[in-house]
Each structure stands twice: as structure tokens, then as C-alpha cells.
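Coordinates in review
Here are the chains, one letter per residue:
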Amino acid sequence: MQSEECGFRWTVIILSCQHKDSVYTFQRELEVRQRQGFISRDTLLLTVSDPGARLGSGGATLNALLVAAEHLSARAGHTVVTADVLDNAHILILHTGRDFPYSSCSRTFCWLSVENTQQRVQAPVCCFDLLLHCLSTQLCTGCPPGVWVCSTDMILTIPFDFVLCWEGFCGVRVVALPGEVSYAANHGVYLTDGQDQVRNIIYKGTMEQIQQAAMPDGKVPLVSGPVFFSREVSERLLQTHVTSPLDGCTYLGLDSGAPPLEISLFLDILLCLCSEQTETQFVTEDRAGCSSPTGPQGATVKSGRAELWKTLRGTPLSMVCVAGGCYDYLTLSGREHVLRMTRNGTVPNILSHIQREETVSTTARVINSILEGDITVATGAVVQHCHLQGPLVVPSGCLLSGLEVTSSSHLRELALTEDVIIQAQRVQLGELKLCVYTVVGSLDDLEVSYDASSSTFLNQSWSLFFKRTGIQPEELWSSARHRSLLEARLFPVLQASRGFVELRGGVAWLLGGGASLPVGRAGSGACSFSVERWRDAWRLSMREVMSLTHQEAELHWREELLFMAGRRRVIDSLRGQSDVSLLPCFRAAVLGGQEAALLETLDKIAAGSGGSQSEDLVETVGVSARSLACIADVLVCLAGEGGRGGLRSGPAANQAWSHAYFLLEAGDLRGGVTALAAQRVRWMGRPDLLVRAARHYEGAGQILLRQAVMSSQRFVSIGQGEVPPIGEWQEVECPARLDLAGGWSDTPPIAFEQGGSVTNVAVRVDGRRPIGARARRITEPRLLLVSHNGGRDSGVATETVCERLVDLKDYCQPHAPGALLKAVCVCSSVVSLSSQHTLQEQLLLHWGGGLEVHSWSLLPTGSGLGTSSILAGALLAAVYRCTGRTYDTDSLIHAVLHLEQMLTTGGGWQDQVGGLVKGAKVGRSKASLPLRVEVEPIVMPNDFLVSLEQHLLLVYTGKTRLARNLLQDVVRSWYSRLPSIVHNVQQLVHNSEECAKALSEGSLSRLGVCLDVSWQQKKVMAPGCEPGAVRAMMRALRPLVLGQSLAGAGGGGFLYLLTREPDQKHTVLQTLRDTAGLGDFSVHSVQLDMEGITVVTAS
């Protein structure tokens, strides 16, 4: 629907209402949509009741225009109404029309069986919303200042490519939709002169009259609603509020003593502009749908028409008929309404919670309802705004509306048949508020007289009903006129001695006739219902029920259901680990003031309550981690739009949250979540505190995520071998890796919630393995940790000495000196931080002395070539070897996963797969825990292997960016299940598998396509990962390459190229030198490494 980004801004949207009681209720509905972003914040929203009982659509238009101009004048600082405020104004006047029997809040806010899954805020789609969207995004775009007028009792469908041209426009324009001649018999059509100028308006005309309007395709232009008055014409309409007798259409005139005057928008205001009309004809003619100039008010009517002629005559009236458009008026036909609801949309569930989806027909519709237990909803049936418990069957063609959960047992007692409409409507009788139950057949005609041959009640003739029940016609209608179903006082509401009548009473008896069925009492007890009880009860007709409807209570009931169903869908989505984005639901709950109940629900899910007793604890941790991330989303929503609380990302180590973190680290999930909730209460007061609390919830989620990923430790198998002598170095070297496709799908939690697939290759850079480590035992009982900022023999190194356990405590702080090497010592069980023994005692006891460990990399920080994870694998291998332990590559891969979680850097598994395993391979992880990585080598044709090396090049961009800076945003987007991210992750996996095929089949061109696709996918995962200089570099190189991508997460580092021609290093270098603004860069050769992690020497 409309959003802040739609481009069209209304100055005023004003809703005219038939009932005064609707004003405040409908005003709130407008304001809710404005808060949700469907209406611009700058738009003035007004709701006004018609000042008189019968003013007609024209009178309501004149009154609404006056009220809008009055408010705009006051806003502009004027003390009187001035037409100057219309100069740049776009005003939309919407008329709600008459009561609608199938929606207690009129046709305007009748919920439709449509759900817009692209909305930022979860919200129902009503007739109002569809109409506003149609007007704001299609019909009204580009229009000059002026006033649009439209009724909300219809659904307009406009082709998406339809554009209105406003060039040369002046006067008044009507928008018509094509319709069948037979349909037009009960509506109106426009007659034009062939140049789109309106000659006449025919309302409920003869077939001969209607045929005059026929277009070449045989259809006719229906009088379908939207009318536009230019700024000049709007001013003339505004002036009528001081002109007698037209002032009788406005509240100012009525307040000044003017008699009310009924004016039609189409058959008075617009008709006087039609070229075929003469003044005499217009002023004196009797016409259907208008006040009579010969009736009791005849003189006033003629005077009003004469004033309209004088004021408006001569104004051009043009028509635009929207070819391919559709006009659907919401008639009083129950059958048409049920068909409309089941015809629209593509899914049965619209903003509902259905416990057993399989029992709901695909052609049924369940709208804003909760269905618990075994409830069958048959073909073509509709359930709206109900809370029901099974067992229950809703037959085909039925409509149930507004029923509360207590009605479920009553419904089971009914002999429901097909095509029956049962509704509960909340009404107010003075101070008394209660529910009234009504029942009709969907095939019944509500307006036809009961003695007509086609007239029915409950889809059967009235004579059968009278015979079955013993009711006499005089008991239903007090007047000889209007003896229709709409006016029949059929529905018992109150009994003098027994209180209100429940569903099992009146409705059940009307459906079943003489059956002895109980009726509820205000106190206790029950009695059989009979015709005598029916006669004794105070009864209402459908029209009276509609007029007495308490719309505020109705909307409150709808909202209560909406949010309750929303919370239950949240539970299902999180526990079922679905890919549905919950952010729209969260935003709606916050805007609706439902955050407390939502947070309580999320707390319960995060604590693991309510799940299966047999569910795996690891799986529970995964669900709980996402639940905590969801709580963070809710807190940020509470902080408000526009970054009011500050940046989303930030530190999360405030001491106030440390107790909760401690409990989570210790495995006390329920206790940790409870402690988080208790602390959260103290941070709810200001936007900045809410955002800081959100950061700490994300921090708590990271604890659980680490625990889930560390389940991979069970796939680490370390054996015991011969311990090398003290002083003997154990040295390993590793290649770097190029991630060809699928990167990010290996990142937890994506890797175990969606499943990951990454295709990459191990490479040497300029002929060298750039990553290495060595370790040896030393006699001194200490840890000597050396990190070289270059090659193994580089003189630039950072040395860290650990002689006490406390020296290792900061191993989990990635920026602490020697953090990676310390984490390796802890992860490899060289020492235990929880041991009662000192560091020196442990080293002497287990290893006969200390350890000296060195690491190095020839690659710059943030290269994108997987350095840190590969280096972790090299370090683990060196330490295992020097302490006499054996391992395999699969164990190293999972050990690195475990280590990086201990280090708190997070990250996925593809880097170590790429650098520890030789050649080309595809790594995969299933959508399950524990997280296990499986590696499949890719066998490439020998000639292709040579060709690939000749076509691969690396370009160092001179820009560096750590993946850590991107990781938090990606994980957050995934936990939020943003649709673009979910789809992209699925495509990442697909592209990886395609890339693997391209390698195995030796296709350079297909490989190039995969590289390009991979880069586009990386940019979706991490927007902003393409610096301007890199973009310029890639653009300059495009003619030379089959495909290209930044390595790793992007943001800088190395760019790898698959060139069109072999041996293009010098050509690439010259092209980049000729491109301005690139800064420092360098070009490097690449060779595939067919050995992987390699033991160099033992000396």
C-alpha cells in the first residue's frame, strides 16, 4: 500500500461519515495508518460527520471541502476561511457511504482477503487502503493542485502501466471504468462527445439510453467514483458555503439556521456541467437519486440547483475511461461478498493463526482469526474476526464473523448448512454494551419485499420459515412499507427475565425452528428456546443492528485478535525456524502499544519454554539466539525511526548485564533470559537506552550462537602420537583461498539454519604460500607467542610472554596482544584456564616445559583471502605436532570453527576449508545442528587447470576492511529474515553449486558468470561493501574480464579477475595505471595450490 516513499503527498485527507459516532473511531484509523507510514506525516487528517441526516454525496463534499479549507486557513494563521490555502493544496475527500451488513465498520474499513507481504508494518488491507493506494500511486500522480472526491464503497483496479496525462487540463475530470451494459442498468454511465467531453450522465437509464454510451468494445464508461476539481473550480465550490440555499449543505450553514439541503455529487454538481443539459431541464427535472424539485422542499431544491448552474456552468467536464480497469461495487448481496473474499488473494490465511492449516481449504479464507484445534473450513467459506476452538466444521459458502471463543461450543450445536452467514456485532444501547447475533442466507436479497417471489430467508422462502416457526409477518414489520429482510426484527437481543440472548439461543432457534435449545441467562441456568421466548425478547432488525453498532468496540476486538494472532505466528515462526520476516509484525505491535505482551512472548521462546521435551538442547539454543535478536529488533522499534537512539551497532559489555551473560555462558538459559528481562525494564525510558539494551540483547544472542557453533567440536578428533624433542620446530605452511561463489552462506547461523555451500580454491600468491606457523617445546615453563608482521624471518614482530594463567584471560578479546595465539593454546588444551594448577605447573606436568609459537602472513590485514582462519588452522596444526598429537584436516576445519567462537570473532567455515584443503573444492553444511562441514574435492580437466592459472589474477586494491565490520549487520539481517536476504542466501547456495559444475566441466565462461553473480550477491548481503575506488577499478577492467569479484566479504582487500585472454598481468596493470583516482594498487599472479596445509620441516 502507500508508503512514505510513494512520491505523492496529500495536503489533506478528509473522511466524511454518515454517523457522528464514527468520527472519532475512523479518525483513529486514519492516524494509525499515518503512524504506520502508509500516509505521509505531513498530511492533515480529518474526519467529519455529515451535518444533516440527508445531505447527499454533493452536500457531504461541500461540507468536507469547507472543513478542510477551514483547518488549512487556521494552520496558515488566518482568522477566516480563505481560498488562498487551495493554491498548492492536494485535497482528497473520501465518502464512507451507508452501513454495510458484512462489515461493522462500513465498507471503508471492510477487511479484504489480501495481505501485502511487502509492507514495512504488518497491517490489514481494507477498501480504504486499496483505494488510497490506487489514487496515490496511479490516478493522482502528476495532477495539479485541486480536490479529488471519491466514495469508498468500491474496489478500483487500475492497470499498473496506466498514466493520466494532465497537459492542457482545466475544469473538472471524472475517471470512469468500463463495465457491461447489464451492470450499468443499476448504476450510472457517462455520455461523451467523442472528444472525452461529457455530454450527459445517465443514472439507472433504459437499455436504449445506456447503449448510447457504448464504446467500440461494447462496454460502457461507468460512473465509478473518482472526480477531480481543479483549484479554480474548488474555489467556486468553497464559495457556496456563504451562498443560500447551498449553505444548508455545510455545518456552518446549519449552525446559522439554514435548512438542510440534499445535493448529489454526480446528478447535481457534475450534471450541471454536461453540455446537453439546459438550465430549465437541470433546475426543474425530477431524476432518480436526487431530491425532488416538486416535493415539500421543491422551491429550495430548485433554488440550490439554480445557484449551482450560476456558479459552475461553463466549466469543462472531461472524462478518462481506464481501459482494462475494473470497478467492483460492494453490494448488499451476501453471496457476492463471500465470492469476492474467496476470489481475491492466493492464500487461505490472512493475518490469522491456524493451528491446523491442512484442514482449511485452499479456496477458503480465514481473515484476522484464531482457529484452535480441529476446525475444517470448507471450499469457498470465510471466517473473519473470529476466535474459535474445534472440533468444528464451517460448511462451503458460509461466512462467520466476529465470534468470540465462547461461541465455539454454541456453534457445535447448530446444524450449519452451506451458504449461511452468522455474525456477532457489538452494539451499544445507552450505557449497555452487548453482542447481537444475526443469521441470514448468503443467497437472500436483503432489500426485496418479503412477498416477492424471489424473496428468501436462510435461502428458503418466507412461507416455509413462517410455517416452521409459527411467526407471523406482523411480528417482524410494524409498517406496511419496507417489509424486507433488512427491516425484519428477527434477532432476539434481551429477555426481561433471562438477560441477553446468546448464539445458541436466537440464531440456533431461527436456524432450527422448533428445536428445544438452551439460551444463556445473565445469571445462571438455561431454558429451552421457543417461539414464545422469541416473542417475549426485545428484537432488532439488521438495519437497526448496523445503526447501533459500537464501532470502537468492533475495532478494538479486531485489533485484539490481530495482535494475539500475530504473537502466535511469532511463536510458530521461531520454533518452526521459518524464513518469515517478523519485523513488520514487531513494528505493528509497537505502534499498537502491544510491546509488553510481545516481549513477554519472545522471552518465553528465548527461555526454551513450551517446546518439546525431547528437543535437542543445541537446537533450542539456535531458536533462543534468534529470539534474543528479535527482542533487540523490538527495542529498536520502540526507540523510534530515524536513528533517534543512536547507531544500532556498538559495545555490549556494560556491567549491568554481566550477571545475565554469566548465566547464559554457564548454560542456564532460562535464568539468563529472566535476568535479561529484569535488566531490560531499567532501560526502557529513553531511545538511547533502548538502543543500548538492544546491543546487549544481540550480545546475549552471540553467546548462544557461539554455543550452537561450538557443537562442531564433536567432529574434532585428536589422537596421541610421539612427542618431538624439546627445541625441535614443527612448521606448517598454507595457501590462501579464493572464494569463487557461495560466501556468506557458511556464516553461522545461516550455515546451520539455511544450509551453506561455498566453492573456493587454494592459491599461492606470486608463487608462495603466504600463511604459516611453527611451534616447539622449550625448557622454560612459559608460553612465548610471536606474531610476525611479514614472512617467517621478518624482523618486525610482536612478542607476548605468558607466565601466569591471568596472562591468558584476554584470549577472547580479538584486539588484545597475541589474542589469536593465546586462543590457540586454550583451544588446543595446551593449558586449562579452569585448572587449579598454575600455568607453570600445567606446562611442566603435561609437556615437560613451555611452548614457543610463531605465526606469520605475507598478506595485508583485511585482504579478503581468509588469512585469519587459515592462520588459526596452521597454528593449531603446529601446536598439535609439537605436543605429539595427531589430527586430520577435517578435525582442523572444525577446530578452527570452535576456536573462532572462543575468540568471539565469529565467522564461517569457508576460509579454513579454502586454505587447508588442496585445490578446488565445494564445502557444504546442512541446515541442522550440530554444525558439520563436509568437503568435496572438485576434479578439473588437466588442460583446464593450466588455463585457469593463466586467466586468474589478483589485484590488491589498497583498501582494507575487516569482515568483522560487516558480520554483525549480516547476522542481524538474517535473524530479521529480510525477504531480500533470505532469497539471496538461497541464490548463494545455488550459485556455488553452479560454480562447482563450471569448474568440473572446465568452462571458463560459465565460471566468469558465477564470479559476477557472486559479487552481486555479496553486495546484497553487505550493502556498502563496494568502495568507490573499487567500483571505478572494476568498471575499467570490465572489457578485459569474464568475471571479477572482491575476495571475502568485500569492502577492500584483493580483487580477483578471470581474464578473457591468458597472461594479462601487464595489460591489467597498464589499464589500472591509466585510470585516475585509484590510489595504491598492485597486481599479483595466482597459482592453484594442489597440496593444502603442508608440513615444511622438522628441525
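Let me begin by describing the structure that accompanies this report. Bear in mind the structure is a predicted one, so any value in this text is a computation, not a measurement.

This part covers the sheet that holds strand 20 (residues 399-401). Taken in spatial order, the six strands line up as 12-14-17-20-21-22 in an open sheet, and their pairing is mixed. Unpaired on one side and paired on the other, strand 12 (349-350) and strand 22 (432-441) mark the two borders of the sheet. Bridging between strand 20 and strand 21 (residues 420-429) involves three bridges; their strand directions are parallel. Within strand 21, the position partnered with Leu 400 by the bridge is Ile 422. Packing against the sheet, helix 11 (residues 334-343) makes contact with strand 14 (365-367), strand 17 (382-384), strand 20 and strand 21, and its axis sits at approximately 85° to strand 17.

Now for the packing of aromatic side chains. The geometry of an aromatic ring pair is captured by two quantities: the separation of the ring centres and the angle between the planes. A complete count under the given rule lists 25 aromatic pairs for this structure. Judged by centre distance (6.5 Å) and plane angle (85°), the rings of Tyr 450 and Trp 462 are edge-to-face. Residue Tyr 450 is located in the loop between strand 22 and strand 23 (456-457), and its partner Trp 462 is located in helix 13 (residues 462-469); the two are separated by 12 residues in the primary sequence. Using a relative accessible area of 19% as the deciding quantity, one classes Tyr 450 as buried. In this structure Trp 462 comes out as buried when scored by relative accessible area, which is 2%.

The next subject is the side chain of Ser 863. Looking at where Ser 863 falls in the secondary structure, it is placed in the loop between strand 37 (850-857) and helix 27 (867-882). Classification of Ser 863 by relative accessible area gives buried; the value is 2%. At 3.2 Å, the side chain of Ser 863 forms a polar contact with the backbone nitrogen of Leu 865. Side chain to side chain, Ser 863 and Thr 867 meet in a polar contact 3.3 Å long. For Ser 863, the contacting residues outside a window of four places in its chain are Ala 1047, Gly 1053 and Phe 1054.

Let's shift gears to the packing of helix 21 (residues 658-665) against helix 22 (residues 669-680). Closest axis-to-axis distance for the helix 21/helix 22 pair is 7 Å, and the angle between their directions is 165°. On the basis of the axis angle, helix 21 is roughly antiparallel to helix 22. For the element pair helix 21 and helix 22, the recorded crossing hand is left-handed. Contacts between helix 21 and helix 22 involve His 659, Ala 660, Tyr 661, Leu 663 and Leu 664 on the former and, on the latter, Leu 669, Gly 671, Gly 672, Val 673, Ala 675 and Leu 676. A breakdown of the residues in the contact of helix 21 with helix 22 according to their chemical character gives eight nonpolar, three polar and no charged.

Here the structure, examined in full by the defined rule, presents 53 salt bridges. For Arg 769, the salt bridge is made with Glu 1091, and the minimal N-O distance between the two is 2.8 Å. Separated by 322 residues along the polypeptide, Arg 769 in the loop between strand 33 (756-765) and strand 34 (771-778) and Glu 1091 in the loop between strand 44 (1082-1088) and strand 45 (1094-1098) bring together distant segments of the chain. Among the charged side chains, a network of salt bridges with common partners joins Arg 28, Glu 29, Arg 33, Asp 129 and Glu 559.

This brings us to the sheet that holds strand 15 (residues 370-372). The strand order across the open sheet formed by three strands is 13-15-18, and the pairing between neighbours is parallel. Single-partner strands in this sheet number two, and they are strand 13 (353-354) and strand 18 (387-389). Taken together, the two bridges between strand 13 and strand 15 define a ladder with parallel strand orientation. Residue pairing in the sheet places Ile 354 in a bridge with Leu 371 of strand 15. Strands in contact with helix 17 (residues 551-575) are strand 13, strand 15 and strand 18; relative to strand 15, the strand with the most contacts, it is inclined by about 55°.

A cis amide bond links Gly 390 with the next residue in sequence, Pro 391, at an omega value of 5°. For Pro 391, the position within the fold is in the loop between strand 18 and strand 19 (392-394). Cis geometry is found at the peptide bond from Leu 929 to Pro 930, where omega equals 0°. Along the chain, Pro 930 turns up in the loop between strand 39 (920-925) and strand 40 (933-937). The phi dihedral of Asn 459 falls on the positive side, at around 65°, and the residue is not glycine. Structurally, Asn 459 is set in the loop between strand 23 and strand 24 (460-461). On the basis of relative accessible area, Asn 459 is assigned to the partly exposed category, the value being 24%. For Thr 904, which is not a glycine, the phi torsion comes out positive at approximately 65°. Among the structural elements, Thr 904 can be located in the loop between helix 28 (889-902) and helix 29 (910-916).

Turning our attention to the environment of Glu 70. Note on placement: Glu 70 falls in helix 2 (residues 56-75). Accessibility expressed as a relative area gives 26% for Glu 70, which makes it partly exposed. With 12 residues separating them in the primary sequence, Glu 70 and Thr 82 have C-alpha atoms 7.8 Å apart. Apart from the residues lying within four places of it in its own chain, the contact partners of Glu 70 are Val 81 and Tyr 251.

Another aspect to go through is the side chain of Arg 558. With respect to the secondary-structure elements, Arg 558 resides in helix 17. Buried charge without a partner: Arg 558 forms no salt bridge, and the closest opposite charge is Glu 554, 5.0 Å away. Sequence-distant contacts of Arg 558, defined by excluding residues within four places in its chain, comprise Ser 103, Ser 104, Cys 105, Phe 109, Trp 111, Asn 368 and His 385.

Another point: the pairing of strand 7 (residues 188-192). Of all five residues that make up strand 7, four are buried, and the element is covered over most of its length. Looking at chain direction, strand 7 and strand 8 (residues 198-203) are connected through five bridges and run antiparallel. Its bridge partner lying in strand 8, Tyr 190 is registered against Ile 201. From the end of strand 7 to the start of strand 8, which pair antiparallel, there are five residues, and Gly 194 there has a positive phi angle of about 90°.

The buried fraction of strand 21 amounts to nine of the 10 residues, a majority that puts the element mostly inside the structure. Taken together, strand 20, helix 12 (residues 407-413) and strand 21 constitute a β-α-β crossover, and its handedness is left-handed. Taken together, the 10 bridges between strand 21 and strand 22 define a ladder with antiparallel strand orientation. Within the sheet, the bridge partner assigned to Val 420 lies in strand 22 and is Gly 441. Between strand 21 and strand 22, which follow one another and run antiparallel, lie two residues, and Gly 430 among them has a positive phi close to 65°.

Thresholds, definitions, all that
Residues numbered from 1 in each chain as written. Predicted model: local features only at pLDDT ≥ 70, side-chain atom pairs only at ≥ 80, totals over all residues. Heavy atoms only, no water. Pairing = 2+ DSSP bridges. Helix = DSSP H or I, 4+ residues; strand = E, 2+ residues; numbered from the N terminus. Contact = heavy atoms within 4.5 Å. Axes fitted to C-alpha atoms, helices over the stretch in contact; angles between N-to-C directions. Phe/Tyr/Trp six-rings, centres within 6.5 Å; stacked < 30°, edge-to-face > 60°. Buried < 20%, exposed > 50% of the residue type's maximum accessible area, 1.4 Å probe, protein only. Polar contact = N/O pair within 3.5 Å; in protein donor to acceptor, adjacent residues only side chain to side chain. Parallel < 35°, antiparallel > 145°, perpendicular 65-115°, else oblique. Left-handed = near helix turned anticlockwise from the far one by under 90°. Nonpolar A, V, L, I, M, F, W, Y, C, P; charged D, E, K, R; others polar. Salt bridge = Lys/Arg side-chain N within 4 Å of Asp/Glu carboxyl O. Lys, Arg positive; Asp, Glu negative; His and termini not counted. Right-handed = clockwise from strand over helix to strand, strands pointing away.

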